[in-house]
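Each chain, letter by letter, is given below.
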Amino acid sequence: MAPLIPIGFNVHSRGVRITAFIVILFCQLFIIELLLTADSCSGYYQNKQHQKSGKQQAVKNPPLSEKPEKTEIPAQSDPKPKNPAVPRDEIVWSVPSAGKKVALTFDDGPSKKYTMKYLGLLREKQVRATFFLIGRNVQKNPALTALIAGEGHEIANHTYDHYIKKMSEAVIKDQISRTSNLLKEWTQQEIKYVRPPGGNNSIKMKSVAAELDMQVVMWNVDPQDWNEDTTPAKIITSIKKQLTPGSIIVLHEGKPQTLKALPALIDELRQDGWDFVTVSELLGVS
Ligand SMILES: [Zn+2]
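Here, residues in each chain are numbered from 1, in the same order as that chain's written sequence. Local features in this predicted model are restricted to residues of pLDDT 70 or higher, and side-chain atom pairs are both shown and tallied only at a pLDDT of 80 or more, whereas totals for entire chains, interfaces and linings draw on every residue.

Student: Explanation requested: the pairing of strand S3 (residues 154–157) in the structure shown.
Tutor: Here is the key point about a regular strand: its side chains alternate between the two faces of the sheet. Here a residue counts as buried when 20 or more other C-beta atoms sit within 10 Å of its C-beta, as exposed when there are 12 or fewer, and as partly exposed otherwise, the C-beta atoms being derived from the backbone. A helix here means a DSSP run of H or I that spans at least four residues, while a strand means a run of E at least two residues long, and both kinds are numbered starting from the N terminus. Of the two faces of S3, both are covered, the one formed by Glu154 and Ala156 as well as the one formed by Ile155 and Asn157. One ladder, built from four bridges, connects strand S2 (residues 130–133) with S3; its direction is parallel. Within S3, the residue paired with Thr130 across the bridge is Glu154. Here a strand pair is declared whenever DSSP counts at least two bridges between the two strands.

Shown next as structure tokens:
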């Protein structure tokens, strides 16, 4: 009888070898699988990284079509703001947004008898005002016209003949243009504002002003200083009653009562905290 152990051993040993072979085979397959997985994982990772960096790139450099358009920076050489407190095509009565500022305006000059006195007083008080001059008076007193501008005051247009009632647009245009030409010639200032004589603020006047690229400037404070029965005290009281932030005060050249009222008026308003400016400064366009 053949010994069982050797036979069993042989069978067993063969089985062990087969088993070992299968185990090794599986191990190899497992390792290969692991390696493949690792590769695909790293590929996935790299892909994710790529997508991520792509997103970051996209944030940093948006497609050209999405790039915001360049913001236009206004040229430094243009000192005039584009948005005055009152749009150019609207009549200016006052500029409330200007705060505690006030514009003194003098109509009807220049006057041979009075202009120098007004100028001396304003110089002494360090006040700059706006003068609405009449063309025919400018024609008679060109040197005084130049002097008003030379003293730092603003020059504006009050028509040539100081009369436009019932006149056609063509005549009104001629009245304003002739005066502007004279004023430019004698003051070297750009003439931006026009005030109709007698406050005759008609649609025709507004239309002509727009055509000439000028603005109609009226007033919101009128002490009626032209009235011969008034007094300096009455003028000052009336102005104080009507005054609001950004007011435009209408006064006249050639009136002794106005000249007498001016020093006290300026001092008292200054004490109350008011600043005197030109119409352009009130509008924020100078
Ligand atoms: Zn006038």
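This is not the end of the story, as more comes after the structure.
Student: Honestly, the packing of helix H4 (residues 142–150) against helix H5 (residues 169–187) in this entry has me stumped. Any pointers?
Tutor: If you want to describe how two helices pack, look at the angle between their axes and the distance between the axes. The geometry of H4 relative to H5 is characterised by a closest axis approach of 8 Å and an angle of 65 degrees between their N-to-C directions. Considered as vectors, H4 and H5 are oriented roughly perpendicular to each other. Remark: the crossing between H4 and H5 carries right-handed chirality. In contact with Pro142, Thr145, Ala146 and Ala149 of H4, H5 contributes Leu183, Trp186 and Thr187. Split by residue class, the contact of H4 with H5 holds five nonpolar, two polar and no charged. Between N-to-C directions, angles span 0 to 180 degrees; the directions come from axes that are lines fitted to C-alpha atoms, helices contributing only their stretch in contact. Orientation is classified from the angle alone, with under 35 degrees giving roughly parallel, over 145 giving roughly antiparallel, 65 to 115 giving roughly perpendicular, and any other angle giving oblique. A crossing counts as left-handed when the near helix is turned anticlockwise from the far one by less than a right angle, and as right-handed when that turn is clockwise. Once C-beta atoms are placed from the backbone, any two residues with those atoms within 7 Å are in contact. Residues are grouped as follows: nonpolar covers Ala, Val, Leu, Ile, Met, Phe, Trp, Tyr, Cys and Pro; charged covers Asp, Glu, Lys and Arg; every other residue, Gly included, is treated as polar.

Student: Sorry if this is basic, but what is going on with the environment of Leu262 here?
Tutor: Summarising the element assignment, Leu262 is placed in helix H8 (residues 256–271). Accessibility expressed as a C-beta count within 10 Å gives 25 for Leu262, which makes it buried. Separated by 137 residues in sequence, Leu262 and Lys125 place their C-alpha atoms 9.6 Å apart.

Student: Just to check I follow, could you spell out the nonpolar core for this structure?
Tutor: Note on soluble globular proteins: their nonpolar side chains tend to be buried together. Put simply, a nonpolar core is buried Ala, Val, Leu, Ile, Met, Phe, Trp, Tyr and Cys residues tied into one set by C-beta atoms within 7 Å. Formed by 53 residues in total, the largest nonpolar core has its most connected members in Ala103, Leu104, Phe131, Ala156, Ile249 and Val279. It is H5 that provides the largest number of residues to this core, a total of five residues. For Phe131, the residues in contact, after removing those within four places along its chain, are Phe106, Gly109, Ile148, His153, Ile155 and Ala156.

Student: For this particular structure, what's the right way to read the pairing of strand S6 (residues 247–252)?
Tutor: Of all the six residues making up S6, five are buried; the element is thus mostly covered by neighbouring parts of the structure. When strand S1 (residues 101–107) meets S6, the two strands line up parallel, connected through six bridges. For Phe106, the partnering residue across the bridge sits in S6 and is Leu251.

Student: For this particular structure, what's the right way to read H8?
Tutor: Helical geometry: 3.6 residues make up each α-helical turn, so side chains three or four residues apart lie on a common side. Expected helix span is computed as 1.5 Å times (number of residues minus one). For H8, with 16 residues, the first-to-last C-alpha span of 24 Å sits near the 22 Å given by 1.5 Å per residue. At Leu262, H8 shows its strongest bend, of approximately 40 degrees, with the proline Pro263 following within four residues. Turning to H8, its buried residues number three or more, namely Gln257, Thr258, Ala261, Leu262, Leu265 and Leu269. Buried-residue contacts for H8 involve S1, helix H2 (115–124), helix H7 (232–242) and S6. Just past H8, the residue Gly273 takes up positive phi, approximately 95 degrees. Two axes enter the bend calculation: one fitted to the seven residues ending at the residue in question, the other to the seven starting there, and the bend is the angle between them.

Student: How should I be thinking about unusual backbone geometry in this particular structure?
Tutor: Phi is mostly negative for residues that are not glycine, and the peptide bonds are mostly trans. Each neighbour pair has its own omega, and for Gly109 with Pro110 the value is -5 degrees, a cis peptide bond. For Pro110, the location among the structural elements is in the loop between S1 and H2. With a phi angle near 60 degrees, His162 is a residue other than glycine that sits in the positive phi range. Judged by local crowding, His162 falls into the partly exposed class, with 17 C-beta atoms found within 10 Å. Even without a glycine there, the phi angle at Lys166 is positive, about 60 degrees.

Student: Any chance you could explain the packing of H5 against helix H6 (residues 203–211) here in plain terms?
Tutor: The geometry of H5 relative to H6 is characterised by a closest axis approach of 9 Å and an angle of 55 degrees between their N-to-C directions. The angle between H5 and H6 falls in the class oblique. The handedness of the crossing between H5 and H6 comes out as right-handed. Here Glu169, Ile172, Lys173 and Ile176 of H5 come into contact with H6, specifically with Lys204, Met205, Ser207, Val208 and Glu211. Residue classes in the contact of H5 with H6 are distributed as four nonpolar, one polar and four charged.

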